[in-house]
Amino acid sequence: FCMRPPAASSLDDGLAQTGLTRQLLIFDGARRPPPLFAGLPGMPGRCTDCGAICLQKAADGNYYCDRCWQSWEGSSEQDKSRWSDKAQVARKNQAQVEKEAKTQEATLLQASKEAKRKAEQEAKEKEYWEARRLAEEEMEARRRAEEESEDRRRAEEQLTPVAPSPEGCAVEGSVAGAKVHVVFWGICDLKYDPRLPLRDRVKVLELGDGRASRFSHHGAAIKQRFDDNYCMDPQPLKRGVMVDNKKFTHDTFVECGFGHLRPKQFAYPRRYDTLLADRIRQDLGVPSKGAVVLKLVNRARGAGVVVCPDADLDSTLKRLLMPPVGRALIDWLAEHAPKALTEDRSMEVLAEQQLHYWSNECPLFVVEELVHSMPVALPVKAENSRVATRFEAAGGTGGAAKASEGEVFDGTMRVAFALQRAAKDSDHLDIQWIGGYWKLPPQRATGQPDECCKSLEEARARIVSSFNTEDKRTAPVQKEHLMEVYAALTPALPRVFEVKNMSVRELAFSYPDDPNFRAFAMTRCGAALRVNGDFRHCNHVLEQARRIVKFRGIRDANDTPERSVLSYIIRSTGVNWAIYGDWSRALSHFQDALATLGTNASAHYLQGIALQEQQRWSEAVDCHLKAFALDPDFRSPLMALGECWTHLGKYKEAVDACRLCLHLQPDAPVAQFNAGQAIYQQLRSGSFREDELGIRVADLRARAQHGLEVARAGIPQAWTEIEDEILRYFQEELPDCNSLPKQPVRSWKAYGWRP
């Protein structure tokens, strides 16, 4: 319809003139012509037809001079129609001009922001390199002072010569006999290659909490050094949300101006499509015959780490991101859950790694560029020789082979550090270095980096170091290399940890392009509120996060990101009820979480715990077997199985589950206690037959006694008189110990909630 208004002289004449070519407004069923708007005084416009200055503005939003208006009124209906078309074209052109102007304005604004960001980045980098130069000078001066002090001691022969430690720096701010209070004790895993330009030599892979880390072989002295010289401050830094999340870690490094210390990283939803591999190649600039590293955002210990050659990228993504659903999942669990403790997945990389992706609750995964370290020679010492012999006896399981002296590896350096509040400004942090060592992969490196990525199995065996304590290979770090790493990270790590965790309010407006990850991050922050007992605020945050997720209700592989985070939110709500003590409500939430994401290993485990609280031991066993079948790096279900099977009188199965847990984590006190208790009940019930199992009673008793002593030292607050009587049974000689009263089965309620 024509947008020109009729003349204001007469309504009837206007309607008669316009007919169907005029715009009519309908109010209360009556047809009325649009009103004629006048331009404001002092703000004239130009006529849409001739460009003359005029003050009359029509209902279509355009200006028309009197001459053009009268010409239009006196024209024929056909001319009016053509004039109307002309006006419509003019309006379209005007809209296009306005759109282009807005686009140009947005482009200029974006360019201005980019220039400002680049200037800030350059300023931060300039500050970093100046701080790094000062750190290098300070470390060099300290090294010289240590050497001079050592020379004086040797010359005066006052003390037995002790060489300065090549792994750690002198402890600053400490008084003889007093320990230094630190607010955070952490580890940093990185790749290091001194052959590269200075800017590219150090690449931080991930951060971690030193209290949850295990320092084996060449790293064992680090734990001892920390215990001897440091202690945790009563008010430590709470940075678990950042440290446990690879995307948060990367974003914080980039925000602080330390992006050059990180490999290139991009995040993608856990949703497969045929173009995903091409997008990854384009984003990361993957070279021909190159490789990328796929990682889960919130997992550690190598779970979800897949070094993927370019040729296998599409097929690998399809396998990782397409979990079974519906009947296929039911059949998969029915096949694999009963044999979860004995199934061997070491012959194929994706056989285990796909499970970590299927069971994960984060809606994203990240892809990083593949970076390498300098060749690291393997020192042939007792611990590494045992590992090599074990690999050889296994026939090269997992791609491992026996190493000999002189062979080199593409290792990952681990350095340990402690942060303390600065003396002059408590808002800033100072760093203390505790030591470092190399973690080595199972297979030696090849001559060319590209040659290590011919297959998934070979790439992992040559790049990823082992995370099982019994299979670890380590090597010392040369002092000059360690000093360079310290100098590179000294200006960076304190600034990274000074960045406070994002509040829930800030997260509610962050990541606008990815609401699923925003909901996940809010849920993770909400879970952190449980530590302080703020369940009301936690539940409110979880409800906010739940409203963000847009779930279609169709349970298929395309909805994996939405179902994952929604299951995480429901599961976290159930944990709140469990901690509160309402296990019936908790069980209902865990079941709802599994109805949303049937591959959620954490929800399977927690459902089993809720059933344990109701003493439904057989049903709990089924849940824990499903949890471990879906996540073979999940140790909590193994501890729970040890308890359930002990209550059911299946003592051998209980011991086997605990032994498998101790293979993954040798110092797990709950697993040690459950194993010792199962052996105790087995011997006291008379069900043990030495000739059938080929195990001597004396060896079994010694194993149980050792486990109980480790458990008592690990969790002394859970130790009671019943545990004392059980331990006493193993401390006394046979047959006198059989006269002691038999003790009931005890349950240590040390549950793994997984925040």
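As the structure is a prediction and not an experimental result, all values here were calculated from the model.

Calculation notes
Residues numbered from 1 in each chain as written. Predicted model: local features only at pLDDT ≥ 70, side-chain atom pairs only at ≥ 80, totals over all residues. Heavy atoms only, no water. Pairing = 2+ DSSP bridges. Helix = DSSP H or I, 4+ residues; strand = E, 2+ residues; numbered from the N terminus. Axes fitted to C-alpha atoms, helices over the stretch in contact; angles between N-to-C directions. Polar contact = N/O pair within 3.5 Å; in protein donor to acceptor, adjacent residues only side chain to side chain. Core = buried A, V, L, I, M, F, W, Y, C linked by side-chain atoms within 4.5 Å. Buried < 20%, exposed > 50% of the residue type's maximum accessible area, 1.4 Å probe, protein only. Salt bridge = Lys/Arg side-chain N within 4 Å of Asp/Glu carboxyl O. pLDDT = per-residue confidence, 0-100. Contact = heavy atoms within 4.5 Å. Parallel < 35°, antiparallel > 145°, perpendicular 65-115°, else oblique. Nonpolar A, V, L, I, M, F, W, Y, C, P; charged D, E, K, R; others polar. Phe/Tyr/Trp six-rings, centres within 6.5 Å; stacked < 30°, edge-to-face > 60°. Lys NZ or Arg CZ within 6 Å of the ring centre and 35° of its normal. Left-handed = near helix turned anticlockwise from the far one by under 90°.

So, the sheet that holds strand β18 (residues 429-440)
Here five strands make up an open sheet; going across it, the order is β9-β8-β17-β18-β19 and the pairing antiparallel. The open sheet is flanked by β9 (202-209) and β19 (473-475), the only strands paired with a single partner. Within the sheet, the average angular offset between the axes of one strand and its neighbour, ignoring direction, is 35°. For strand β8 (residues 184-192) and strand β17 (residues 412-421), the ladder comprises seven bridges, and the chain directions are antiparallel. Of the residues in β17, the one forming a bridge with Gly186 is Phe417.

Section: the side chain of His356
Topologically, His356 is positioned in helix α10 (residues 349-359). A distance of 3.3 Å separates polar atoms of two side chains, one belonging to His356 and the other to Glu352.

Side note on the nonpolar core
Counting residues in hydrophobic clusters, the biggest one holds 68 residues, and the most contacted among them are Val415, Leu489 and Phe497. No other element matches helix α13 (residues 479-489), which puts seven residues into this core. Counting residues in hydrophobic clusters, the runner-up holds 64 residues, among them Leu355, Trp358, Leu683 and Leu727.

Observations concerning the pattern of salt bridges
If you walk through the whole model with that rule in mind, you get 43 salt bridges. For Lys749, the salt bridge identified is with Glu613, shortest N-O distance 3.4 Å. Note that Lys749 is positioned in the segment after α27 (721-731) and Glu613 in helix α20 (residues 601-613), a separation of 136 residues in sequence. Given the relative accessible area of 59%, Lys749 is considered exposed. Overall, the relative accessible area of 24% leaves Glu613 in the partly exposed class. Salt bridges sharing common partners tie together Arg132, Glu136, Arg201 and Glu484.

A few points about helix α6 (residues 246-255)
Since there are 3.6 residues in each turn of an α-helix, residues three or four apart along the chain are aligned in direction. When you tally the buried positions in α6, you get seven out of ten residues, the bulk of the element. For α6, the complete set of buried residues consists of Lys246, Lys247, Phe248, Thr249, His250, Thr252 and Phe253. Measuring from the side-chain oxygen of the N-cap residue of α6 to the backbone nitrogen of Lys247 gives 3.0 Å; that N-cap residue is Asn245. Following α6 by one or two positions, Gly257 adopts a phi angle in the positive range, close to 90°.

Some details on the pairing of β17
Of all ten residues in β17, nine are buried; the element is thus mostly enclosed. For β17 and β18, the ladder comprises ten bridges, and the chain directions are antiparallel. From the neighbouring strand, Thr412 faces β18, where its bridge partner is Lys439.

A short note on the confidence of the model for the protein chain
Looking at the protein chain as a whole, the pLDDT averages 82, with 83% of positions reaching at least 70. In the model, residues 159-166 has pLDDT below 50 throughout and makes eleven contacts with residues more than four positions away in sequence or in other chains. Below a pLDDT of 50 lies the segment residues 382-401, which in the model reaches 35 contacts outside its immediate sequence neighbourhood of four places, other chains included.

Quick notes on the packing of α10 against helix α12 (residues 456-463)
Put simply, α10 and α12 touch, their axes get as near as 9 Å, and they point 80° apart. Taken together, the axes of α10 and α12 lie roughly perpendicular to each other. Side by side, α10 and α12 meet where Val349, Leu350 and Gln353 of the first sit next to Leu456, Glu457 and Arg460 of the second. Looking at the contact of α10 with α12 residue by residue, the classes come out as three nonpolar, one polar and two charged.

Focus: the packing of aromatic side chains
Going through the model one piece at a time under the given rule, you end up with 28 aromatic pairs. A centroid spacing of 5.0 Å and a plane angle of 75° characterise the contact between Tyr128 and Trp129, whose relative ring orientation is edge-to-face. Its relative accessible area of 26% is what places Trp129 among the partly exposed residues. An angle of 40° between the planes, with centres 4.7 Å apart, marks the rings of Phe184 and Phe497 as tilted. Placement of Phe184 in strand β8 and of Phe497 in helix α14 (residues 493-498) is noted, with a sequence separation of 313 residues between them. Residue Phe497 is classed as buried on the basis of its relative accessible area, which comes to 0%. Three or more aromatic residues link up through ring pairs in this structure, and these residues are Phe184, Phe417, Trp433, Tyr486 and Phe497. One residue, Arg585, lies across the ring of Trp577, its end atom 4.4 Å from the ring centre. Taking NZ or CZ as reference, Arg754 lies 3.6 Å from the ring centre of Phe634, over its face.

With respect to the packing of helix α23 (residues 651-664) against helix α24 (residues 669-685)
Relative to each other, α23 and α24 sit at 160°, their axes nearing to 9 Å. In terms of axis orientation, α23 runs roughly antiparallel to α24. Crossing hand, α23 versus α24: left-handed. Facing Tyr651, Lys652, Ala654, Val655, Cys658, Cys661 and Leu662 of α23, the residues of α24 in contact are Ala671, Gln672, Asn674, Ala675, Ala678, Ile679, Gln681, Gln682 and Ser685. Its residues assigned to classes, the contact of α23 with α24 shows ten nonpolar, five polar and one charged.

A few points about unusual backbone geometry
Of note, the amide linkage connecting Leu734 to Pro735 takes the cis form, showing an omega dihedral of 0°. Tracing the chain through its elements places Pro735 in the segment after α27. The phi dihedral of His217 falls on the positive side, at around 55°, and the residue is not glycine. Among the secondary structure elements, His217 is positioned in the loop between β9 and α4 (220-229). Residues other than glycine seldom take positive phi values, yet Tyr511 does so here, at roughly 50°. Residue placement: Tyr511 occurs in the loop between α15 (504-507) and α16 (515-528).

A few points about the sheet that holds strand β14 (residues 364-369)
The strands that make up a sheet are held in pairs by hydrogen bonds between backbone atoms, and each pair lies either parallel or antiparallel. With antiparallel pairing, the four strands of this open sheet are ordered in space as β11-β14-β12-β13. Two strands bound the open sheet, and with one partner strand each, they are β11 (265-269) and β13 (306-309). Taken over all neighbouring pairs, the strand axes of this sheet differ in orientation by 30° on average, direction set aside. Strand direction decides the pairing type here: strand β12 (residues 291-296) and β14, joined by five bridges, are antiparallel. By the bridge assignment, Val292 is partnered in β14 with Glu369.

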